[in-house]
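Listed below, chain by chain, are the residues.
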Amino acid sequence: MEFRWLSPEEYRGYPLRFRYVTDRVYDVNCREYGFLLEETPLPAAVEKSFTDELFASWLEEPVALGAFQGDTPAGIVEGSREAWHDVFRISNILVEGPFRRRGLGGVLLERMVAFARELPGCRGVILETQTCNYPAICFYRKHGFTLSRIDIREYSNEDIQNREARIDLFRPFPKSEDAT
């Protein structure tokens, strides 16, 4: 497997097609001063899919790392620094079907985390997923990410009913020992 940084000029607009299957979700229950996430099994597995593209215009100085088997893209991770709050956002991570369940997603994620850790003043990595993407939530938690935010109206006014509320997960960087 060869890893290489992708050129924005060559890969801008490169289509990403995501697909996952889940047999459970995190239901959001609103409380007076907060939320409760409850893992809920579904009566039957559900397949979800969506698309995105690399190097979208809303990203501040995006970078992308690709994993290739010969000329075949096996996986991609993309992110960018968000200067306004000194974090690095992973905007996309995708491992193609034939390359899943081999640890490639973890390698891509950890390489991007290592890149972000080298950015001066960067205090951690943040990413977004939905309460219906149980496999992704498990994957991110396994890699040290914890819940940072819930937005129950990011995509529509019916996000809770649709079981697709936005959640942000965060992995902080420890303060350096020489920081004052």
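Heads up: the structure comes first, above all this text.
S.K.: I keep staring at the layout of surface pockets and nothing clicks. Help me out?
M.R.: Where empty space is left can be seen by rolling a probe of water-molecule size over the atoms. Computed from the structure, the largest pocket encloses a volume of approximately 1200 Å³. Together, 38 residues line the largest pocket, and Phe18, Ile93, Asn133, Ala136 and Tyr140 are the ones closest to its centre. At the level of secondary structure, the elements contributing two or more residues to the lining of the largest pocket comprise β2 (15–31), β3 (34–53), β6 (87–95), α2 (104–117), β7 (124–130) and α3 (134–142). Considering every element that reaches the lining of the largest pocket, the biggest residue donor is β6, with seven residues. Along the lines of polarity and charge, the residues of the lining of the largest pocket split into 18 nonpolar, nine polar and eleven charged.

S.K.: Is there a simple way to think about the packing of aromatic side chains in this case?
M.R.: Each pair of aromatic rings is reported with the distance of its centres and the angle of its planes. Throughout the structure, instances matching the rule amount to seven aromatic pairs. Ring centres of phenylalanine 88 and phenylalanine 115 lie 5.9 Å apart, and the angle between their planes is 65°; this geometry places the pair in the edge-to-face category. Placement of the pair is phenylalanine 88 in strand β6 and phenylalanine 115 in helix α2, with a sequence separation of 27 residues. On the accessibility criterion, phenylalanine 88 (1% relative accessible area) is buried. For phenylalanine 115, a relative accessible area of 28% gives the class partly exposed. Connected via pairs of aromatic rings, a cluster forms that spans Trp5, Phe88 and Phe115. Against the face of tyrosine 134 rests arginine 24, its NZ or CZ located 5.5 Å from the ring centre. In this arrangement the basic side chain of arginine 111 is found over the ring face of phenylalanine 3, its NZ or CZ atom lying 3.9 Å from the centre.

So, how was this worked out
Residues numbered from 1 in each chain as written. Predicted model: local features only at pLDDT ≥ 70, side-chain atom pairs only at ≥ 80, totals over all residues. Heavy atoms only, no water. 1 Å grid on protein atoms, 1.4 Å probe; cavity = no way out; pocket = protein on both sides within 12 Å on 5 of 7 lines; lining within 4 Å. Points joined across faces, edges and corners; volume = space filled by probe spheres on them. Helix = DSSP H or I, 4+ residues; strand = E, 2+ residues; numbered from the N terminus. Nonpolar A, V, L, I, M, F, W, Y, C, P; charged D, E, K, R; others polar. Phe/Tyr/Trp six-rings, centres within 6.5 Å; stacked < 30°, edge-to-face > 60°. Buried < 20%, exposed > 50% of the residue type's maximum accessible area, 1.4 Å probe, protein only. Lys NZ or Arg CZ within 6 Å of the ring centre and 35° of its normal.

Interpretation note: all reported values are geometric properties and have no functional meaning in isolation.
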